[in-house]
Amino acid sequence: MTTRDKIFYGLAAFTAALLTRNLYQIFLVLPDELNQGAAYRIFYFHVPSAMLGMTGIGIALVFSLLYLFTKDFRWDSIAAGITEVSMVFCTMFMITGTLWGRISWGVWWAWDARLTSALVLWLIGAGYLMLRRAIDEPTTRARLSAVMSVFGSVNSYIVWKSIEWYRTQHPQPVLSMRSGGGMAPGMEATMYWNLLALLCLAVLLIMLRMRQETMTREVEALRRYAHAL
Amino acid sequence: MSIFLRQVWAIMSKDLRSEFRTKEAINASLAFSLVILLLFSFAFDTAAEEMKQLSGGLLWMVFAFAGTLVLNRSFIREVPNDCLDALLASPISGAALFLGKALGNFALLLAIEAACLPIFAVFYNVTLTREPGWLALVMVLATWALTVIGTMFSALTVNLRLRELMLPTLVYPMMIPALMAAIELTRVLVTGEPIGENMMWFRVLTAFDIIFTALAVTFVDTVLQG
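Only a predicted model underlies this, so the values are computations on that prediction, with no experimental measurement involved.

1. With respect to the overall build of chain A
In terms of regular secondary structure, chain A is built from six helices and zero strands. Across chain A, helices and strands are ordered from the amino to the carboxyl terminus as α-α-α-α-α-α. Residues classed as buried in chain A amount to 33% of the 229 residues present. Look at the contacts in chain A between residues 6 or more apart in sequence, and 80% of them connect residues 24 or more apart.

2. A look at the interface of chain B and chain A
At the junction of the two partners, chain B supplies 23 residues and chain A supplies 24 residues. Of all the secondary structure elements, the ones that give two or more residues to the side of chain B that touches chain A are α7 (163-191) and α8 (199-224) of chain B. Per-element accounting of the side of chain B that touches chain A gives the leading share, 10 residues, to α7 of chain B.

3. Concerning the packing of helix α2 (residues 24-43) of chain B against helix α3 (residues 50-76) of chain B
If you want to describe how two helices pack, look at the angle between their axes and the distance between the axes. Residue and element names in this part refer to chain B. For the pair α2 and α3, interaxial distance at closest approach is 9 Å and the crossing angle is 155 degrees. If you check the angle between α2 and α3, you find them roughly antiparallel. Considering only the axes of α2 and α3, their crossing is right-handed. Where α2 abuts α3, its residues Ala25, Ala28, Ser29, Phe32, Ser33, Ile36, Leu37 and Phe40 lie against Leu58, Val62, Phe65, Ala66, Leu69, Val70 and Arg73. Across the contact of α2 with α3, the residue classes tally to 12 nonpolar, two polar and one charged.

4. Examining helix α2 (residues 43-70) of chain A
With 28 residues, α2 of chain A ought to run about 40 Å at 1.5 Å a step, and its terminal C-alpha atoms sit 40 Å apart, in line with that. Looking one or two places after α2 of chain A, you find Lys71 of chain A, whose phi comes out positive at around 60 degrees.

5. Observations concerning the confidence of the model for chain B
Residues and elements named next belong to chain B. Of the residues in chain B, 99% have a pLDDT of 70 or more, and the chain-wide mean is 89. Averaged pLDDT values over the elements of chain B bottom out at 87 in α3 and peak at 93 in helix α6 (residues 132-156). Here the prediction assigns the complex a pTM of 0.86, and the interface score ipTM is 0.88.

6. So, the environment of Ile112 of chain B
Residues and elements named next belong to chain B. Its location among the elements puts Ile112 in helix α5 (residues 94-124). Taking the C-alpha atoms as reference, Ile112 lies 8.4 Å from Phe63; in sequence the two are 49 residues apart. Residues within four places of Ile112 in sequence aside, it is in contact with Ile26, Ser29, Leu30, Ser33 and Ala66.

7. Digging into unusual backbone geometry
All names here are of chain B. Notably, Asp82 is not glycine yet its phi reads approximately 55 degrees, a positive angle. Tracing the sequence through the fold places Asp82 in the loop between α3 and α4 (83-89). Residue Asp82 is classed as exposed on the basis of its C-beta count, with 11 C-beta atoms lying within 10 Å. Phi at Leu162 takes a positive value of approximately 65 degrees, unusual for a residue other than glycine. Along the chain, Leu162 turns up in the loop between α6 and α7. On the basis of neighbour counts, which here come to 13 C-beta atoms within 10 Å, the residue Leu162 falls in the partly exposed class.

Cut-offs and rules
Residues numbered from 1 in each chain as written. Chains lettered and ligands numbered in written order. Predicted model: local features only at pLDDT ≥ 70, side-chain atom pairs only at ≥ 80, totals over all residues. Helix = DSSP H or I, 4+ residues; strand = E, 2+ residues; numbered from the N terminus. Buried ≥ 20, exposed ≤ 12 C-beta atoms within 10 Å, placed from the backbone. Contact = placed C-beta atoms within 7 Å. Axes fitted to C-alpha atoms, helices over the stretch in contact; angles between N-to-C directions. Parallel < 35°, antiparallel > 145°, perpendicular 65-115°, else oblique. Left-handed = near helix turned anticlockwise from the far one by under 90°. Nonpolar A, V, L, I, M, F, W, Y, C, P; charged D, E, K, R; others polar. Expected span 1.5 Å × (residues − 1). pLDDT = per-residue confidence, 0-100.

Structure follows, in structure tokens:
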């Protein structure tokens, strides 16, 4: 077992324990919220996955730029892994958001500023991953997807700000609840614990994806080598 | 610098010349705009007063869909006979190549939009001449935004299989801030609301133009090499 494996399995055990503890806390210890009843519990997954999904796209940008400067495939693997995992969290953010919206707002989808930005972000991430699938040659794939990542992340930021302006200019059909702020201390702490658990999960998934990416490249190289013989 | 500008001019005039000889993209794009304008008439009640509120959105949907027909082709048309390789081997920078192509597309798109505007005004009974100067500014800024994104992604996907399938998914989400600003500004201009409160959208458009022109010029060499 290499050091990397040890870190991987150690982190996996820690994440599993922490998630179990958080689930126990969320469902069995904490009381229902005064106005929203039991539905508020979805926020323990909704808010952390939003944070992780959104920041992930920005972090992927850093690694894409690192690839463009160094041409080291490791950075490309990390950027791809982070984008994929961010997409998972973005999806979780949107699904939990619609579930909560159905109960609290009465509609599944409200075209609220945050949900809309998340959808655009998701589409940009999907474009990035589609682009990767469409290119077979590893160098071209890394180069073009790094550029796509730069354009996508910059655009995500502009989208984020302008959708906020766009939606706030129009009368909003529903109140959007900003998290934090009015939360009780016990409830807020649990949210940060769950953020930590999901962050560990994200790191685990990214490590896994990186290893797969490296192996894929090795297999492709071997195949080309065999072909050349 | 003057050499750079001459190179940009050479690429732009080459593109426009070959387009005007065949008129392939411009005809297809104009016809397609008409088709979309017709389809909208089934989707909405054209007599309703809300039509004015919707008009900005409709107009820019037409421009975005018809425009990408022109934009998508801008690098692909260089693939037959290995023209792209010749262009890359020629002593001009990627930035000059990109700007030349973008300016050529920009001129074509503006021409198509200018042809669509009166048709749109007639079909949907919308007054577009309330603030012609402001409207022209919106058109110029937003069309350049669409052009930069479209031309850049045309370069990015030029060597890809599945290119036609991928481009719309890649391009439209990238255009969202510019389209949003253009839609909002056009709506304001058509309904006659005061423009002063919406100056922010001009800033969004200008910032979008500057940021993505700079990014495209920086990265076009990376995209086209190899």
